[in-house]
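One-letter residues, chain by chain:
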Amino acid sequence: MTLNRRQFLATGLAGGTAALVGGRLAHAQSEALRIGVLTPLTGGGAVYGTTMSRMYTLLADEINKAGGIAGKPIQLFTEDAQTNPDAGVRGARKLVDVNKVHAIVGTWSSAVTLAVAPVAVQARIPHFCVSSSPAISTFKDDDFLYRTAYSQAVISSVYATTAQKLGYKTAALLILNNPYGIGLGDSFPARFEKAGGKVTGKVIYNPNQSSYRSEIQQALAGKPDVILFGGYTPDGIQVFKEWFQLGLGGTWMGPGFAFDQKFVQGIGAQAAEGIIVVEGAPNLTSSAYKNANKLFSAAHKDEADFFAAMAYDHLMILALAALAAKGDTAGDALKANIRKVSNPPGKVVGSWADAAGPVNAGEKVNYEGASSAVDFDENGDAKTDFGVYRIKSGKWALDRVIKYTEVSAS
Amino acid sequence: MTDYLIALATIIGIQVLLTLGLTLHYGITGLVNFGHVAFYALGAYASALLTLAGVPFMVAMGAGVVLAVAASLLVGTATLRLREDYFAILTLGFSELLRLLLLNVRDLTRGALGIPGIPRPWRAVSGVPDHVAYLGLVLAAVAIAFVLSEILARSPLGRTLRAIRDDDQAAMALGKDVLRFRLTALGWGAALAAVAGSLWAHYVTYVVPDQFTPEITFYTWMAMIIGGPGSMRGAVWGTAVLFVVLEGTRFAKDVMPGLDAPRLAALRQIVIGLGLIVLTVYLRKLGGRTRPRVAPAHVRT
Amino acid sequence: MGTGPRDQVHGGVGQLIGELVHLTVTGILVASLLALGAVGLSLTFGVARFANVAHPDFMMLGAYATFAFNALVGVPFWWAALLGIGAALLVGVPVARLAYDKLPVTGTVQLLVISIGVSFILRHAVLFAFGSSLLQFSVPLQRPYVWGPVRLTPYQLLTLAVAAVLVLAVHLLLSRTKLGRVLRAIADNAVLTEIAGADVGRARLAMWFIAVLLAATGGVLFGLNLVIQPNMGWDLVIPIFSAAIVGGIGNPYGAMGGALVIGLAQEWSTLLIPASYKEAIAFGAMALCLMFRPRGLWGGA
């Protein structure tokens, strides 16, 4: 069987074009709030991206069931960023140019966020991300780029403060080789030294290695009082499993999204005992979080994690902003209302049910979110308080709260 | 919609340069290059770093070309005498080694943080929107590359390369310095890939090592196979078809809600894999070799 | 740069020796995993005469099949492992036969490209079915036995034992059985072997069976000690090829030696260069080997 090449090429071109045109025709519909969901569904961030994507869908459905925004529905368009800036940019272009979305949400990897941001800025639409690279704070985005996650620069101060308060004099770092881990590695030592500590070693590890024994041993070699872990849950499970099976001991500290329930289940309560977890707060106690968690766990039988909470906040803020703009979904209109609905002063709200009425009536609200108070500073960063926890018997036990006023981002 | 088509055309244009380069390598000369993305990466990073340091765009692109060609000569001299599968694996390994270096020599490349804010080649082009002007630049590059490649393919050099591809023993017997010719082909293809890399970097304005994985190399192989490995025109057509189909499946997802996006993405890659297999076997035989190579019992040095 | 080779205080010679022992133990562990992949690869590379880039993906099949039985169905780990390896054989051997033995190809390049396609398909089929999350078997964590600087858990000891037994079994098969003689003869000279009346077709089937069996077992042990993810095979392509090439293609117990060389070299290298470059060590070893001693350390007829 041989195919005539010309026939083959013609068929392929025709088929592809038909799909392109067909896709476009399917969206010549009524005006509504169109949100481009650009999370990683494959690649290194797939676990978080899938969770976020689900949360966006759940909240959009909830808001639409309640009548939508001034009667018009929220429409979600999902593209897989593949944890790859190349795919992210192509996805963003499609969302912006074809689906004509009014905002982009959900970019997770700092590399993807930094590649996609110029596309959003050029299209003059808001872009909400969950990335932690310090470069995002200073990115020239004409106030279109927002992040609900904390910058590594900020959390480094928190780690340093926490370590100091717990009496640790020496620390080592075991960090992932990506913008988040490297950002932590760059930000933490100076702050820790300012707090009177000494860094005994900084070990960078790559994902997808067969074994991390040597990296773990290197990190523990200087016998540090505490080891700062800058990775994610998936590689965290692998690293900690090896660490535990090396039987070397040591105290670990790291971010909440690395040490979530999946992590604890993955390595078992015994191995997780005593880990110090630093996480954004308020979180678990806010009504927004309770709503988000209820929504998520009913559908997916799983707790809403930090990323799901941020996704909830992104969509809620954009929906409220559109409502506050009296249904005007243009990027500039949304941008103008983002801080109006999420920053103080105003009536504190935590759900669409609470907020829709007041916003519609022209009242100023202050949405307190599921992932933080989502009060954005002039760089578009959310200021978050932090909670310090210790894992005891497989659960996070709150040790102390560190307010953002105590944290210096210098 | 037009904006999207312009973006798509720009990306296809950049990819065509990669396919033209690979066609010179494999279609014309029979070099099984599985590390093509390395030259792409070198072009992109060199151009990005130099323009950010104030070097003019064309000079920076030129430097990227020189770097890629130098790398190709280095790799080629070390590996071109080996049999095809070893060459393939080594070039694959080389491209991964380069990616590792880009990831870890952070002082130079900023590693995993990537290089943001890469400037466009101009401040503004009067009267023309920026992305249209950029498409113009890419199309100009493709046109020049196409003409040069056609000329090369039809020249005596091209004939010699094809002869080497078909039967390098015979070519050697006729007194041709096979290694030197292969290195020439490798260099030309690397140069095209470097130009593509530079155009890519200035288009997305952000480069990071994760953009330069073997996936790109194999997409290029797919494009080349679709269009027919020995033909420059085929390189253009094949690339266009591949990317239109790939982008088309993106839309299929919107109208086919049954499967979720990650599954559809995985399905797309499975189709690529199947396509590679089916097309390799059933479309006009790969490379137009006139007789099958008999694998030697021992590696030829 | 921040992370020179070591950023911490050296505790003198004693600590250095302790570190060397740690690294050696890790190197041997890694080597045993690599060996299970490399031995099969060396066999198929030598007998079927092409580089099967999808070979490490058979490891992935073994791990995921076992995971399906163990974590999804609830079968205890040891039975799940047997079932999983069986399932991997049921899938892997027919796939290999179809893709590599039954398709009408005119040369090894097509097989190379086909193997890329097979790898794409296998990896993304697994992605489609299981998603991209990192998975673990349902087995308890263990504390290590400690003998001075040596720390090994029971599972790790088991891994070493299983790897050693399997490789020994293959060695015995190749040197003491008729099938082994036929396989070695084919690796030496396929045409003559067929002329001499040996059943080459059946031998090739057996070859695939052995290769997939070893790889699938390796995958299960990899998942037991480390992690299960869709790219677990693809990420090992360079190290496994390197081990097979350094050991000498066609010589399976050379592949074991090659795996030891690569495993130890990777770990010891962390004394001098950052651990991030471990993959580069495997590549470097392979490149050096192919440039200066292509038949490998233990290769040759």
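Everything that follows concerns the structure shown earlier in this document.
Only a predicted model underlies this, so the values are computations on that prediction, with no experimental measurement involved. Position numbers for residues start from 1 in each chain and track the written sequence from start to end. Chains carry letters and ligands carry numbers; both start at the beginning, A for chains and 1 for ligands, and go up in the order they are written. With pLDDT at 70 or above as the cut-off, local features in this predicted model cover only qualifying residues; side-chain atom pairs require 80 or more to be listed or tallied, and sums for whole chains, interfaces and linings still use all residues. Hydrogens are left out, water is left out, and the side-chain values use all remaining heavy atoms of the structure.

Caption draft 1: The sheet that holds strand β3 (residues 103-107) of chain A, seen in detail. Residues and elements named next belong to chain A. We treat two strands as partners when DSSP finds at least two bridges between them. Strands here are runs of E lasting at least two residues and helices are runs of H or I lasting at least four, both read from the DSSP assignment and numbered beginning at the N terminus. With parallel pairing, the 5 strands of this open sheet are ordered in space as β2-β1-β3-β4-β5. Whereas interior strands pair on both sides, the edge strands pair on one side only; in this sheet they are β2 (74-78) and β5 (145-147). Going from strand to strand, the sheet's axes swing by 25° on average, the running direction of each strand aside. Of the pairings in the sheet, the one linking strand β1 (residues 33-37) to β3 comprises 3 bridges and is parallel in character. Looking at β3, one finds that Val37 is bridged to Val105. Helix axes use the C-alpha atoms of the stretch in contact, all axes being lines fitted to C-alpha atoms, and the angles between their N-to-C directions lie in the range 0 to 180 degrees.

Caption draft 2: Expanded view of the interface of chain C and chain A. Two residues form a contact once any of their heavy atoms are found within 4.5 Å. At the interface, 39 residues of chain C touch 33 residues of chain A. Once two parts are put together, the accessible area they lose, assessed with a 1.4 Å probe and summed over both, is termed the buried area. Here chain C meets chain A over a buried area of about 3100 Å², counting both sides, of which 51% is carbon and sulfur. Counted as salt bridges are all cases of a side-chain nitrogen of Lys or Arg within 4 Å of a carboxyl oxygen of Asp or Glu. Put simply, chain C and chain A have 1 salt bridge between them. Among the ionic pairs, Glu215 of chain A bridges to Lys278 of chain C, the shortest N-O distance being 3.6 Å. Definition of a polar contact: a pair of N or O atoms within 3.5 Å, with one able to donate and the other able to accept a hydrogen when the atoms are protein atoms, and with sequence-neighbouring residues admitted only if both atoms are side-chain atoms. One can count 9 residue pairs in polar contact (both at pLDDT 80 or more) joining chain C with chain A. Elements represented by at least two residues in the side of chain C that touches chain A include exactly α1 (12-48), β2 (150-152) and α8 (200-225) of chain C. Broken down by element, the residue count for the side of chain C that touches chain A peaks at 7 residues, all from α1 of chain C.

Caption draft 3: Local environment of the environment of Gly49 of chain A. Inspection of the secondary structure puts Gly49 of chain A in helix α2 (residues 46-65). Excluding residues within four positions of it along the chain, Gly49 of chain A makes contact with Thr39, Pro40 and Leu41 of chain A.

Caption draft 4: Main features of the layout of surface pockets. Residue and element names in this part refer to chain A. Cavities and pockets are defined on a 1 Å grid built over the protein atoms alone: a cavity is a set of grid points where a 1.4 Å probe fits but cannot escape, while a pocket is an open set with protein on both sides within 12 Å along at least five of seven lines, and lining residues are those with an atom within 4 Å of any such point. Grid points are joined across faces, edges and corners, and a volume is the space filled by probe spheres set on the points. Counted as a void, the largest pocket has a volume near 1500 Å³. Taken together, 49 residues line the largest pocket, and the ones lying closest to its centre are Val47, Thr51, Lys262, Asp302 and Asp305. The element that contributes the greatest number of residues to the lining of the largest pocket is α2, accounting for 6 residues.

Caption draft 5: Focus on the packing of aromatic side chains. Residues and elements named next belong to chain A. In summary, the pairing rule links any two rings of Phe, Tyr or Trp, Trp by its six-membered ring, whose centres are within 6.5 Å, and it sorts them by plane angle into stacked for under 30 degrees, edge-to-face for over 60 and tilted for everything else. Considering all chains together, one arrives at 41 aromatic pairs over all chains under this definition. An angle of 85° between the planes, with centres 5.4 Å apart, marks the rings of Phe229 and Phe240 as edge-to-face. Taken together, the residues Phe229 in strand β8 (residues 226-230) and Phe240 in helix α9 (residues 233-246) connect sequence positions 11 residues apart. In terms of burial, Phe229 and Phe240 fall into one category: buried. Where Phe240 meets Phe263, the ring centres are 5.1 Å apart and the plane angle is 90°; that geometry is what we call edge-to-face. When accessible area is computed with a 1.4 Å probe and restricted to protein chains, residues below 20% of their type maximum are described as buried, those above 50% as exposed, and intermediate ones as partly exposed.

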